[in-house]
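Examining the three-dimensional arrangement
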There are 4 protein chains.
Amino acid sequence: MSSPVTLADLAKMDNADFIATVGGVYENSPWVAESVLNSAPFDSITSLHKAMKGAVDSAPEEKKLALINAHPDLAGKAALAGELTAESKEEQGKAGLDTLTQSELEHFTKMNDEYKAKFGFVFILAVRNATKHTILSSFEARLKNTRMKEFEECVTQIHKIAWMRLLTVLEPADTGFLTCHVLDTAGGKPADKMKIVLKRVSGGGKIGVIGEFVTNDDGRLTGGPALKGNKEFTVGVYEWTFNVGDYFAKEGSSLAGTPFLSNVPLVFGIDNPEDHYHVPLLCSPYGYSTYRGS
Amino acid sequence: MSSPVTLADLAKMDNADFIATVGGVYENSPWVAESVLNSAPFDSITSLHKAMKGAVDSAPEEKKLALINAHPDLAGKAALAGELTAESKEEQGKAGLDTLTQSELEHFTKMNDEYKAKFGFVFILAVRNATKHTILSSFEARLKNTRMKEFEECVTQIHKIAWMRLLTVLEPADTGFLTCHVLDTAGGKPADKMKIVLKRVSGGGKIGVIGEFVTNDDGRLTGGPALKGNKEFTVGVYEWTFNVGDYFAKEGSSLAGTPFLSNVPLVFGIDNPEDHYHVPLLCSPYGYSTYRGS
Amino acid sequence: MSSPVTLADLAKMDNADFIATVGGVYENSPWVAESVLNSAPFDSITSLHKAMKGAVDSAPEEKKLALINAHPDLAGKAALAGELTAESKEEQGKAGLDTLTQSELEHFTKMNDEYKAKFGFVFILAVRNATKHTILSSFEARLKNTRMKEFEECVTQIHKIAWMRLLTVLEPADTGFLTCHVLDTAGGKPADKMKIVLKRVSGGGKIGVIGEFVTNDDGRLTGGPALKGNKEFTVGVYEWTFNVGDYFAKEGSSLAGTPFLSNVPLVFGIDNPEDHYHVPLLCSPYGYSTYRGS
Amino acid sequence: MSSPVTLADLAKMDNADFIATVGGVYENSPWVAESVLNSAPFDSITSLHKAMKGAVDSAPEEKKLALINAHPDLAGKAALAGELTAESKEEQGKAGLDTLTQSELEHFTKMNDEYKAKFGFVFILAVRNATKHTILSSFEARLKNTRMKEFEECVTQIHKIAWMRLLTVLEPADTGFLTCHVLDTAGGKPADKMKIVLKRVSGGGKIGVIGEFVTNDDGRLTGGPALKGNKEFTVGVYEWTFNVGDYFAKEGSSLAGTPFLSNVPLVFGIDNPEDHYHVPLLCSPYGYSTYRGS
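Residues numbered from 1 in each chain as written. Chains lettered and ligands numbered in written order. Predicted model: local features only at pLDDT ≥ 70, side-chain atom pairs only at ≥ 80, totals over all residues. Heavy atoms only, no water.

**Description of the packing of aromatic side chains**
Let me state the cut-off plainly: Each Phe, Tyr or Trp ring (for Trp, its six-membered ring) is paired with any other whose centre lies within 6.5 Å, and the angle between the two planes then decides the class: stacked below 30 degrees, edge-to-face above 60, tilted in between. Where helices and strands are cited, they refer to DSSP runs of H or I of at least four residues and of E of at least two residues respectively, numbered from the N terminus.
Per the stated rule, a full pass over the model turns up 70 aromatic pairs over all chains. Summarising the aromatic geometry, the rings of W240 of chain A and F268 of chain A are spaced 6.0 Å apart at their centres and angled 35° between planes, so their arrangement reads as tilted. Pair noted here: W240 of chain A is in strand β7 (residues 236-243) and F268 of chain A is in strand β8 (residues 263-270), with a separation of 28 residues, a long-range link. Considering the side-chain rings of Y238 of chain B and F268 of chain B, the 6.1 Å spacing of their centres and the 20° angle between planes classify their relative orientation as stacked. Of this pair, Y238 of chain B sits in strand β7 (residues 236-243) while F268 of chain B sits in strand β8 (residues 263-270), and the two are 30 residues apart along the sequence.

Below, the structure written as structure tokens:
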């Protein structure tokens, strides 16, 4: 894969180059990219995606149907015949759909056929990060939907596919960052002096430990965001490990010899590297919560 | 270490054997074991420990002070001179206190001296599962306490040490078990068909994956407890991994390409293998909680 | 309103009486009731509603469209002209739509017109428990949807209307009940001896305090469910008040003079009186959670 | 009660006036106020209280024992004989201890006697906001403690009494404020356009509705803190009501006819009017959490 295009470069392109660059993010449907040309330039992938999504959402139903049907079956004939677009080939490969066993292939074919017979269009699922198991669960669940609901769902999935494709084509804006906050709900106060380790589990950049922190008096990371900007804050899966056991030992909580909570892991995915992700921990000696905050 | 004594065996022992078996769990203080002789036999380590704890708690303060001072300094002169009881030697070794650097040793010596000068007794911490860092944080925090509070804290720590020692000497009653429950707080219903993996991270028995489950319609594990009885349900650290991503995909939630939550790990410690541990998950697509339930 | 028909009575009815009884729950569309006749008898409103919903969901789109358009505008011409069905009249009245000011009426008319112009069918919202404000927020939000999404949403709302109408026509099965559980996440154990008061805020039956409880050693209500069966456990809004302050005082937590948490209210709605509602509290001195459990 | 003294006024006082003003906050023990004279002036009640607390905590045990015993029995002989300090009289009266029935009086007397016989000092509990029931539960729980633990607990309670007395004598610094934040954990984003009402349930200032808010795009209150400064942000009990039902209706969640959550109340106490209280809501359609944040 060639190195990503910057938003600055994209802004300078003429229409033909713009289409050549991002025209493929909606499968076989360069009209989507064309329809946002007069909103260019875009200062973020987020705003470009929003514009493209808007163009699709406000298109008439026939055009959406054509967009849906511009996609190949998952693990279908096009794949077997080597006729996928480069994007679809890579995505299906990442989900393991290019190495199905014979019986798995038959199962997929049967599901695809049932689905098309019931709804009149192909099944679409953003598969880049999905396993075969996820894809099959999703297939079975969605076969029970009404046609309209499925139509909507396919369009939703197409927007996700486009988003993930944009992220491989363009370099994100430098705006994203990751913050943390730890609160002690037994003591009703920020958890200070708690040790936190941050690992990248998968995604762009170094895998493994990428930061070690100690919370300040407000329960936040000294020195600002844990990750910041498009070099550090990349799409992927991350893991905090919070040393909750040591914290409550310091607070004088009467923990067990083998404490219920000691090193608490939080594994979370970053999908939009231009955004702010706040991933806090609320903890007491015997329970905790986390959530995507703001 | 010799193999653990069963509670049935303990029940048949005469007084001298009983004391020989459990007299050492309160350091150099066989009087504690003696004072529970007429409450024998015990049907669980839990009830034996409760009786011994009761004997200590109702003893006069001079006797508690003697009990505290029957303990060696952590990483202190007794350790250097090789004069620790077998139990203390093992515990200090597990916490890495037998391999301190020279400067760490000096730091411990200084803390021990300050502590004894301030309070008039030795610093006690149940160290079997603690790291050097935990011990030092605890030391610093507790130096700020009042004498009375520290006296109480030392007795509390001694009870924990006794508990952990009982668990190495005796085989637990066969009553403990582990259960799970998954609720979907976005949908307001049990999370069905969620895949869950259970691993033992450390402790007695096989390390690694020890169970794979799928939740039933009530969000619980089909087939009853995940672990049951003193062969399976041992002191140690465990980890659930909940496949939250697949569940919400199946529910039709519009997850991101890289979902915020996919495989959610919960790491928890089992301290009392005779007890029921209920460790549930409450989840929505962007947040979750856990706690020790019942 | 006449008194509700029992499920036993419904089971004995001939087809004409069955249709006369439940044929109106889908507005002006007795075909829905007709299509479940051969699945009768039903042992619960839940199963009857499920069958009727299934008949609608599997109907062709034209038939669903006709069903949608069988509904009157909210606060629309039919209402002004006094041409609503008895059911619609009562529902719109409960939401205050029969006493709109002139400017509110104009606002509704404008929204209705815009909506119909955009989607080609009428706006439907289950309004029995909604305020004017809710209805307007919903109107504005839904005007942004695609036609297909709105079509699906209208059908969803129609199912809710049918559910609420069934509940006024039939007496629920005697299967519903309400339970509670209180866990102390600071102590890692059930919260025992906590005082709880249960009030009915609105709905069928006595309004005000309808139960006082104290939790047992497992943190549950002594004596089983708080409410049980179709005489006690009625559709409506309820409120637990948990005396969390006294509990933590008893536990020796060092609460403030004015504790952060003292009497914790949880207000929750019961929509299906045939179901089990488990409404627990997870609390620590400075935080709590609740959720619909199972 | 005379109007509170400002911190500015306190700063200008000579030693005798300072003692006259705050010497009584530690019952019959002006030495506590004397010992902080050379740390004056104080810019907040918080820092004055911290200094006084430090003086007590570092005093020798005999002096702490004398301080404990400088307090009257709760509902004891001094109360009956009219010999209480003005402060104690007011506090005991607010807790209803001046209107005990004969049998309640006997119960208190018996508990007081048992307690003094066991520990050698009087039972102390900060009672201003406690009910008779709380006081009795606390009495029973604490009778089971060891003498040392009770000694510590009495000193802790005395610090709370002092805090509450300082708040009646002095006007707080103008630094406190109340903030809010609402997160939608089903959608993984701030909950925007949510209506929130704030009431004062008890405490200083207007009782009833004192603010109405709508969350902004970040889920926070437009216009900054909900309450700010010592005129608005007073010691007392407050209640948020969050219109969660309307919010999720707007988000297109398929709520029940009688939604599980509609108007969610959070009742919380403000103990330190000089502090920042952050009281957020994390909500999904079927569950929510709150906690004291920062």
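**Brief notes about the pattern of salt bridges**
Proximity of charged atoms lets side chains of opposite charge pair with each other. The following threshold applies: Put simply, a salt bridge is a Lys or Arg side-chain nitrogen that is within 4 Å of an Asp or Glu carboxyl oxygen.
Under the defined criterion, the tally for this structure stands at 60 salt bridges over all chains. A salt bridge links R165 of chain A to E27 of chain A, with the shortest nitrogen-to-oxygen separation between them at 2.8 Å. Here E27 of chain A lies in the loop between α2 (15-22) and α3 (31-34) and R165 of chain A lies in helix α10 (residues 147-169), a separation of 138 residues in the sequence. A salt bridge links K116 of chain C to D73 of chain C, with the shortest nitrogen-to-oxygen separation between them at 2.9 Å. Remark: D73 of chain C occurs in the loop between α5 (61-69) and α6 (77-80) and K116 of chain C occurs in helix α8 (residues 102-119); sequence separation between them is 43 residues. It is possible to trace a salt-bridge network through shared partners that takes in K189, D192, K193, K250 and E251 of chain A.

**Some remarks on the relation of the copies chain B and chain C**
The line we're drawing: Least-squares superposition aligns the copies on the C-alpha atoms of those residues with pLDDT at or above 70 in both. Any two residues whose heavy atoms approach within 4.5 Å at even a single point are treated as in contact.
Note on the copies: chain B fits chain C at an RMSD of 0.0 Å, the axial shift is 0.0 Å, and the rotation between them is 180°. These values place the two chain copies in the arrangement generated by a two-fold rotation axis. When each C-alpha of chain B is compared by its distance to the rotation axis, S289 of chain B comes out closest, at 4.6 Å. Same-surface contact between copies: 100% of interface residues of chain B are shared with the interface of chain C.

**Quick word on the interface of chain A and chain B**
The criterion, for reference: Values labelled buried area give the accessible surface lost by two parts on being combined, using a 1.4 Å probe and summing over both. Any N or O atom pair separated by 3.5 Å or less is treated as a polar contact, with the protein-specific requirement of one donor-capable and one acceptor-capable atom, and with residues adjacent in sequence counted only for side-chain atom pairs. Under this grouping Gly is polar, as are all residues other than the nonpolar Ala, Val, Leu, Ile, Met, Phe, Trp, Tyr, Cys and Pro and the charged Asp, Glu, Lys and Arg. A pair of strands is considered paired only if DSSP assigns at least 2 bridges between the two.
Contact residues are listed per partner, giving 42 residues for chain A and 42 residues for chain B. A combined buried area of about 3400 Å² lies between chain A and chain B, and 56% of that area is made up of carbon and sulfur atoms. Interface area lost by chain A to chain B is led by T258, F260 and Y288 of chain A, which between them contribute 19%. Our enumeration of links across chain A and chain B arrives at zero salt bridges. Summed over the shared surface of chain A and chain B, the result is nine residue pairs in polar contact (both at pLDDT 80 or more). Looking at which element gives the most residues to the side of chain A that touches chain B, the answer is β8 of chain A, with seven residues. Considering only residue class, the side of chain A that touches chain B consists of 20 nonpolar, 15 polar and seven charged. Strand direction decides the pairing type here: strand β11 (residues 287-291) of chain A and strand β11 (residues 287-291) of chain B, joined by five bridges, are antiparallel. Across the sheet, residue Y291 of chain A finds its bridge partner in β11 of chain B, namely G287 of chain B.

**As for the domain arrangement of chain A**
All names here are of chain A. Cut-off, in case you're wondering: Delimitation of the domains relies on an automatic or database domain assignment.
Domain assignment breaks chain A into domain 1 (7-169) and domain 2 (177-289). Using C-alpha coordinates to define each centre, domain 1 is positioned 35 Å away from domain 2. The partner domain 2 presents five residues to the six residues of domain 1 that form the contact. Roughly 400 Å² is buried in total at the junction of domain 1 and domain 2, and carbon and sulfur atoms are behind 49% of that figure.

**Focus on the relation of the copies chain A and chain B**
Expressed as a screw operation, the relation of chain A to chain B combines 0.0 Å of axial shift with a rotation of 180°, fitting to an RMSD of 0.1 Å. A share of 100% of the interface residues of chain A reappears at the interface of chain B, consistent with the copies meeting face to face through the same patch.

**Regarding unusual backbone geometry**
Our working rule: Classification of residues uses two cut-offs on accessible area relative to the type maximum, computed with a 1.4 Å probe and protein chains only: under 20% is buried, over 50% is exposed, and between them is partly exposed.
Following A40 of chain A, the chain continues to P41 of chain A via a peptide bond in cis, the omega torsion being 0°. Here P41 of chain A is to be found in the loop between α3 and α4 (45-57). Although it is not a glycine, N28 of chain C sits at a positive phi angle of roughly 50°. Mapped onto the elements, N28 of chain C comes out in the loop between α2 (15-22) and α3 (31-34). Taking the relative accessible area as the measure of exposure, N28 of chain C reaches 54% and is therefore exposed. Despite not being glycine, K193 of chain C has its phi angle at roughly 55°, a positive value. Looking at the element boundaries, K193 of chain C is found in the loop between β3 (189-190) and β4 (195-203).

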